[in-house]
Amino acid sequence: QVQLVESGGGLVQAGGSLRLSCAASGRTFSSGAMGWFRQAPGKEREFVAAISWSVGSTIYTSSVKGRFTISRDNAKNTGYLQMSRLAPEDTAVYYCARRQRNYASTRDYEYDYWGQGTQVTVSS
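Residues numbered from 1 in each chain as written. Predicted model: local features only at pLDDT ≥ 70, side-chain atom pairs only at ≥ 80, totals over all residues. Heavy atoms only, no water.

Chemist: Mind laying out the pairing of strand β8 (residues 78–83), listing which residues take part and the relevant values?
Modeler: On any regular strand, side chains alternate: one points to one face of the sheet, the next to the other face. With respect to burial, β8 is a largely interior element, 5 of its 6 residues being buried. In this structure, strand β3 (residues 18–25) lies alongside β8, joined through 6 bridges in antiparallel fashion. In the strand pairing of β8, Ala23 is matched with Thr78. For strand β7 (residues 68–73) and β8, the ladder comprises 6 bridges, and the chain directions are antiparallel. Following the sheet pairing, Arg72 is matched in β8 by Gly79. Remark: 4 residues form the turn of the hairpin made by β7 and β8, two consecutive strands paired antiparallel; Asn77 in that turn has positive phi of roughly 55°. (Buried < 20%, exposed > 50% of the residue type's maximum accessible area, 1.4 Å probe, protein only. Helix = DSSP H or I, 4+ residues; strand = E, 2+ residues; numbered from the N terminus. Pairing = 2+ DSSP bridges.)

If you want it as structure tokens, here you go:
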């Protein structure tokens, strides 16, 4: 049974930073991909960033490029989302997800495992 646990969310002022973590248990991932998605109140879940676990190639949605950085630590079986220059429109519940296939995907239905989400609130 694979479990993903996000942490690092919280309340931050606009312009601030947060780092989200996604720790996996129940299975060691040496390949596949990890994605971060978010869902704001009243909106659909949207793709934020993804990384190929073995190669480390990354993709980002345009609104976070240059502000967010996705990374992973193979030894810790943990992925990260470093968020900088946060804005109120970044407020959402952030979810990490893992997929067994190797390429990073922007499509949520292509991910096999999901965390429970962590709230990020950015005040103006």
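Chemist: Just give me the short version of the nonpolar core, but keep the residues and values in it.
Modeler: Counting 25 residues, the largest nonpolar core has Trp36, Val48, Phe68, Leu81, Met83 and Tyr94 as its most contacted members. Contributions of two or more residues to this core are made by β3, β4 (33–39), β5 (46–52), β7, β8, β9 (92–99) and β11 (118–123). Take this core: its biggest share by element is 4 residues, from β3. Not counting chain neighbours up to four residues away, the residues in contact with Leu81 comprise Leu18, Arg19, Leu20, Trp36, Val48, Ala49, Phe68, Thr69, Ile70 and Tyr94. Counting residues in each nonpolar core, the second largest holds 7 residues, with Ala33, Phe37, Phe47 and Ala50 among its members. (Core = buried A, V, L, I, M, F, W, Y, C linked by side-chain atoms within 4.5 Å. Contact = heavy atoms within 4.5 Å.)

Chemist: Please give an account of the environment of Glu6 that cites residues and values.
Modeler: Residue placement: Glu6 occurs in strand β1 (residues 3–7). Placed 108 residues apart in sequence, Glu6 and Trp114 show a C-alpha to C-alpha distance of 9.6 Å. The contacts of Glu6, once residues within four sequence positions are left out, are Ser21, Cys22, Trp36, Tyr94, Tyr95, Cys96, Gly115, Gln116, Gly117 and Thr118. Within the structure, Glu6 has its side chain in polar contact with the backbone nitrogen of Gly117 (distance 2.8 Å). (Polar contact = N/O pair within 3.5 Å; in protein donor to acceptor, adjacent residues only side chain to side chain.)

Chemist: Please provide a residue-by-residue account of the state of the cysteines, values included.
Modeler: Under the counting rule described, the total for this entry stands at 1 disulfide. Across the disulfide, Cys22 is cross-linked to Cys96 (sulfur-sulfur distance 2.0 Å). Handedness of the Cys22-Cys96 disulfide follows from its S-S torsion of about 60°: it is right-handed. Of this pair, Cys22 sits in strand β3 while Cys96 sits in strand β9, and the two are 74 residues apart along the sequence. The exposure class of Cys96 is buried, given its relative accessible area of 0%. (Disulfide = S-S within 2.5 Å.)

Chemist: Go over the environment of Arg98 with me, naming the residues and quoting the values.
Modeler: By the element assignment, Arg98 lies in strand β9. Once the C-alpha coordinates of Arg98 and Gly115 are considered, the two residues, 17 residues apart in sequence, prove to be 8.9 Å apart.

Chemist: Tell me what's going on with the environment of Asp108, and back it up with residues and numbers.
Modeler: Checked against the element boundaries, Asp108 lands in the loop between β9 and β10 (113–114). Sequence separation between Asp108 and Pro88 is 20 residues; the distance between their C-alpha atoms is 23 Å. If we ignore the near neighbours within four places in the chain, the residues touching Asp108 are Phe37, Arg45 and Trp114. Polar contacts involving the side chain of Asp108 include one to the side chain of Arg45, which spans 3.2 Å.

Chemist: I'd love a proper account of the side chain of Glu6, names of residues and values included.
Modeler: Arg45 is the oppositely charged side chain nearest to the buried, salt-bridge-free Glu6, at an N-O distance of 8.6 Å. Reaching out from Glu6, the side chain makes a polar contact with the backbone nitrogen of Cys96 at a distance of 2.8 Å. Only 3.0 Å separates the side chain of Glu6 from the backbone nitrogen of Gln116, close enough to count as a polar contact. (Lys, Arg positive; Asp, Glu negative; His and termini not counted. Salt bridge = Lys/Arg side-chain N within 4 Å of Asp/Glu carboxyl O.)

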